[in-house]
Amino acid sequence: MDVIVIGGGMGGLSAGIQLAARGARVTLFEKNERVGGKLNVWSDDGFLFDTGPHVLTMLWAIDEIFAAAGRRLADAVDLIPLDTICRYHFPDGATLDAPADRDAATQAIAEFAPGEEQGFARFLDYARRVSDATTDPFLRNDFGASVHGAPTREQWGQLREFLALKPWRTLRDVVREHFSDPRLRDVFELYALYSGSHPARSSGIFATVADVQWRQGTYYVRGGLYKLAEALVELARDVGVSIQTSSPVREIIVKNGRARGVALENGARHYADAVVCNEDTLAAYKSLLAPQSRPHYPDRKADAVETSTSAFLLLLGVRGEYPQLAHHNSFLSTDLEAEFGSIFDRHRPADDPTVGVACQSVTDPSKAPPGCSNLFLMTNPPALSDAFDWTREAASYREIVLNKLEAMGLKGLRDRIVVEQMWTPLDLQSRYNARRGAVYGLSSNGWRNAFLRPPNVCPDVKGLYFVGGGTHPGGGLPLCALSGTNVARQLQANHRREFPS
Ligand SMILES: Cc1cc2nc3c(=O)[nH]c(=O)nc-3n(C[C@H](O)[C@H](O)[C@H](O)COP(=O)(O)OP(=O)(O)OC[C@H]3O[C@@H](n4cnc5c(N)ncnc54)[C@H](O)[C@@H]3O)c2cc1C
């Protein structure tokens with residue numbers, strides 16, 4: 001059984017490794033000079049930066065990739081549990097630490113906003129129920145594909161349990177039901193941005209982030225998150241995946257309604273029994289499939305699907321340390337509602353954005369020269385559109401971000417910069433073929449985007465499968481890893497005779 005994987009992001013690596021471990025001959029073509037996709041790195045003058053994820057959650061989802069090859073994630077990378085999940089810096093100067101320990105977090109909330117700790121306990125219980133009800137039926141199954149077809153009896157049962165959680169309530173409804181302090185409401189509404197969505201338009205089931213953080217844990221990987229990509233490359237090689245970098249795919253070859261292989265930009269053609277595509281699903285539909293091969297997503301329909309937010313990044317190697325920073329920080333907007341309105345209605349980055357600041361050198365001194373810090377600044381602008389021109393406006397947006405952080409206590413930030421790199425949504429689009437520069441593929445605003453994402457099994461072309469943030473179950477490293485697990489399982493089931501028994 002020959003399988004071609006297009007793209008070496010988390011989804012492509014996960015599927016490729018698990019298919020090779022089951023006996024398939026896998027060739028992975030990656031357009032860039034190294035794999036990892038949005039999980040990537042940049043370094044300069046002794047400063048090392050992850051350019052994408054800074055924390056790892058739901059370890060079990062990634063561990064399954066290693067388990068498929070008889071290995072363990074914990075042996076492949078050095079996992080460091082973060083004692084403080086995030087330090088929140090509010091515009092009024094107050095700060096709130098979110099300790100990973102549930103009792104310590106309850107205590108911190110009780111001191112910050114007395115009385116709110118009871119709501120927090122109930123919020124965590126709701127989040128746990130959501131995790132329990134959704135992990136197997138939703139995350140581990142190609143829910144989209146099954147609902148596109150006729151649900152089985154078992155699926156109807158699972159759906160009933162899911163509906164008992166009232167998933168039609170928005171994240172905002174759920175947060176407001178549990179918290180009355182406006183600052184805590186802001187903190188928990190920010191969960192919507194973890195999937196690039198709006199808290200009043202995405203489902204309350206995204207409260208599950210609290211369960212992921214407090215029951216399952218938040219981790220850093222010593223040396224940086226890219227160590228995970230390196231460990232996956234080693235694992236891929238061990239199970240026999242052939243990784244071809246600097247090999248952009250131009251077209252998926254389809255004959256008689258079946259995927260037969262790929263054509264590379266350099267003209268070379270490679271044939272296989274099945275193709276797994278890790279390019280953003282809707283982008284790939286448009287760029288890699290001929291129009292007659294894609295009735296489910298003709299251009300107009302694909303263009304209309306709302307993307308998740310994008311990212312604006314400043315990677316700053318700075319002299320000195322800022323003792324007020326934890327590993328992971330969030331400097332909140334003075335008006336979160338205005339920020340969401342700007343992103344999702346005006347399609348422009350907010351004038352006063354919430355800024356995520358990761359400082360890995362707090363946990364891992366190897367990331368910066370002695371006495372220095374590696375600061376990763378991230379805001380959540382909308383995906384690319386005509387409403388904002390990054391080629392003209394990026395420099396002034398950089399000023400907004402730096403002014404805000406200097407005003408909120410990072411004194412002299414500009415003067416301390418030794419090395420710097422700025423990434424706008426245009427970089428995400430061009431580096432990774434991310435549709436409109438989106439971080440998580442589709443937004444999870446509304447039912448269709450959250451629960452009926454483009455399915456893992458292509459409905460239009462036999463033998464074509466999709467993995468990664470643009471398909472089911474969604475964006476973020478663990479869900480992309482699970483999409484690979486789901487695809488490996490379904491591909492083997494659909495091609496049973498071609499796999500070694
Ligand atoms: C700034 C930032 C911060 C983030 N923070 C977190 C976090 O803290 N925790 C978390 O879990 N997640 C985080 N994420 C999200 C996470 O990084 C992504 O959801 C995940 O890495 C996406 O994986 P993917 O499988 O969708 O593939 P992608 O990362 O999208 O990779 C796709 C790969 O396919 C390649 N490719 C595309 N088209 C072609 C083609 N035609 N031919 C050959 N190759 C092609 C691309 O070059 C790329 O390598 C963050 C993302 C960003 C950008």
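Residues numbered from 1 in each chain as written. Predicted model: local features only at pLDDT ≥ 70, side-chain atom pairs only at ≥ 80, totals over all residues. Heavy atoms only, no water.

The name an unreviewed UniProt entry assigns to the chain is 4,4'-diaponeurosporene oxygenase, from the organism Capsulimonas corticalis. Its UniProt record gives the chain the following Sequence similarities (unreviewed entry) comment, quoted word for word: "Belongs to the carotenoid/retinoid oxidoreductase family. CrtP subfamily." Comment text from UniProt for the chain, heading Pathway (unreviewed entry), reads "Carotenoid biosynthesis; staphyloxanthin biosynthesis; staphyloxanthin from farnesyl diphosphate: step 3/5." (UniProt positions renumbered as here; feature names shortened; annotations may be inferred.)

S.K.: Can you walk me through the overall build of the chain in this structure?
M.R.: Across its full length, the chain carries 19 helices and 19 strands. Taken over the C-alpha trace, the chain has a radius of gyration of 22 Å; the compact-globule value for 501 residues is 23 Å, and the two agree within 12%. If one aligns the C-alpha atoms of the chain with their principal axes, the spans along those axes are about 65 × 55 × 45 Å. For the chain, the residues scored as buried account for 58% of the 501 residues in total. Relative to all contacts within the chain whose residues are 6 or more apart in sequence, the contacts with residues 24 or more apart total 73%. Accessible surface, the chain as shown: approximately 19600 Å² in total, 49% of it carbon and sulfur. (Helix = DSSP H or I, 4+ residues; strand = E, 2+ residues; numbered from the N terminus. Rg over C-alpha atoms; globule rule 2.2 N^0.38 Å. Buried < 20%, exposed > 50% of the residue type's maximum accessible area, 1.4 Å probe, protein only. Contact = heavy atoms within 4.5 Å. Areas by Shrake-Rupley, 256 points an atom, 1.4 Å probe, with all protein chains shown as cover.)

S.K.: Explain helix H11 (residues 226-238) to me, please; I cannot follow it from the model alone.
M.R.: Each α-helix turn comprises 3.6 residues. Residues three or four places apart therefore point the same way. Between its first and last C-alpha atoms H11 spans 19 Å; for 13 residues at 1.5 Å apiece the expected length is 18 Å, and the two agree. In this structure, the buried residues of H11 make contact with helix H1 (10-21), strand S3 (41-44), strand S4 (47-50), helix H2 (59-68), helix H3 (73-76) and strand S9 (242-244). Phi for Gly240, located one or two positions after H11, is positive at around 95 degrees. (Expected span 1.5 Å × (residues − 1).)

S.K.: Please explain the side chain of Asp364 as it appears in this structure.
M.R.: Looking at where Asp364 falls in the secondary structure, it is placed in the loop between strand S16 (355-359) and strand S17 (372-379). Despite being buried, Asp364 has no salt bridge partner; Arg222 is the closest side chain of opposite charge, sitting 5.2 Å away. In terms of polar contacts, Asp364 uses its side chain to reach the backbone amide nitrogen of Gly223, at 2.6 Å. Each residue touching Asp364, except ones within four places of it in the same chain, is listed here: Tyr220, Arg222, Gly223 and Gly224. (Lys, Arg positive; Asp, Glu negative; His and termini not counted. Salt bridge = Lys/Arg side-chain N within 4 Å of Asp/Glu carboxyl O. Polar contact = N/O pair within 3.5 Å; in protein donor to acceptor, adjacent residues only side chain to side chain.)

S.K.: Just to check I follow, could you spell out the sheet that holds strand S10 (residues 249-255) for this structure?
M.R.: Two modes of strand pairing occur in sheets, parallel and antiparallel, and in both the strands are linked by backbone hydrogen bonds. Reading across the sheet, the three strands line up as S10-S11-S12 and stay open at both edges, with antiparallel pairing between neighbours. Single-partner strands in this sheet number two, and they are S10 and strand S12 (269-271). On average, adjacent strands in this sheet sit at an angle of 30 degrees to one another, irrespective of strand direction. (Pairing = 2+ DSSP bridges. Axes fitted to C-alpha atoms, helices over the stretch in contact; angles between N-to-C directions.)

S.K.: Would you mind going over the site of the ligand with me for this structure?
M.R.: Near the ligand lie 37 residues; those nearest to it are Gly11, Glu30, Lys38, Gly469 and Gly476. Between the ligand and Asn32 there is a distance of 3.2 Å, counted from an oxygen atom to a side-chain nitrogen or oxygen. Within the side chain of Asn433, a nitrogen or oxygen atom sits 2.9 Å from a nitrogen atom of the ligand. If the ligand stood free it would expose 1000 Å²; the protein chains cover 95% of that surface. (Near = heavy atom within 4 Å.)

S.K.: Please clarify how the sheet that holds strand S6 (residues 84-89) should be interpreted in this entry.
M.R.: With mixed pairing, the seven strands of this open sheet are ordered in space as S7-S6-S15-S16-S17-S14-S18. Strand pairing shows two members of the sheet lacking a second neighbour, strand S7 (95-99) and strand S18 (417-423), which therefore form its edges. Neighbouring strand axes in the sheet, compared pairwise and without regard to direction, differ in orientation by 20 degrees on average.

S.K.: Help me out: how do you make sense of the state of the cysteines in this one?
M.R.: Here a disulfide denotes one covalent bond, and it connects the sulfur atoms of two cysteines. Taken as a whole and assessed by the stated rule, the structure comprises zero disulfides. Cysteine Cys359 remains unbridged, with the sulfur of Cys372 as its closest cysteine sulfur at 11 Å. The class for Cys359 is buried, based on a relative accessible area of 4%. You can see Cys458 has no disulfide; the closest cysteine sulfur is in Cys277, sitting 9.4 Å from it. For Cys458, a relative accessible area of 6% puts it in the buried group. (Disulfide = S-S within 2.5 Å.)

S.K.: Where do I start with a nonpolar patch on the surface in this structure?
M.R.: Taken together, Leu163, Trp168 and Trp447 make up a surface patch of nonpolar side chains, about 330 Å² in accessible area. Along the chain, the position of Trp447 falls in helix H18 (residues 446-451). Relative accessible area serves as the criterion here: at 41%, Trp447 is assigned to the partly exposed category. (Patch = residues over 30% accessible without salt bridge, like charges linked within 9 Å, V, L, I, M, F, W, Y side chains within 5 Å.)

S.K.: Explain unusual backbone geometry here, please?
M.R.: The omega angle of the peptide bond from His472 to Pro473 is 0 degrees, so this bond is cis rather than trans. Residue position: Pro473 is located in the loop between strand S19 (464-466) and helix H19 (477-494). Even without a glycine there, the phi angle at Asn256 is positive, about 50 degrees. Along the chain, Asn256 turns up in the loop between S10 and strand S11 (258-264). Asn256 gets classed as exposed once you look at its relative accessible area, which sits at 82%. Within the chain, Asn433 stands out as a residue other than glycine whose phi angle is a positive 55 degrees. Secondary-structure assignment places Asn433 in the loop between helix H17 (425-432) and H18.

S.K.: Just checking my understanding: could you explain the packing of H1 against H2 for this structure?
M.R.: How two helices pack is summed up by the angle between their axes together with the distance between the axes. Where H1 contacts H2, the two axes come as close as 8 Å, and the packing angle between them is 30 degrees. The pairing of H1 with H2 is recorded here as roughly parallel in orientation. Judged by the sense of rotation from one axis to the other, the crossing of H1 with H2 is left-handed. Facing H1, whose interface residues are Met10, Ser14, Ile17, Gln18 and Ala21, H2 presents Ile62, Glu64, Ile65 and Ala68. Residue classes in the contact of H1 with H2 are distributed as six nonpolar, two polar and one charged. (Parallel < 35°, antiparallel > 145°, perpendicular 65-115°, else oblique. Left-handed = near helix turned anticlockwise from the far one by under 90°. Nonpolar A, V, L, I, M, F, W, Y, C, P; charged D, E, K, R; others polar.)

S.K.: Help me understand the environment of Val3, please; the structure alone is not making it clear to me.
M.R.: With respect to the element layout, Val3 can be found in strand S1 (residues 2-6). A relative accessible area of 1% means that Val3 is categorised as buried. For Val3 and Arg260, which are 257 residues apart along the polypeptide, the C-alpha to C-alpha distance reads 9.6 Å. Leave out the neighbours within four places in its chain, and Val3 touches Leu19, Ala24, Arg25, Val26, Thr27, Ala272, Ala274, Val276 and Leu491.

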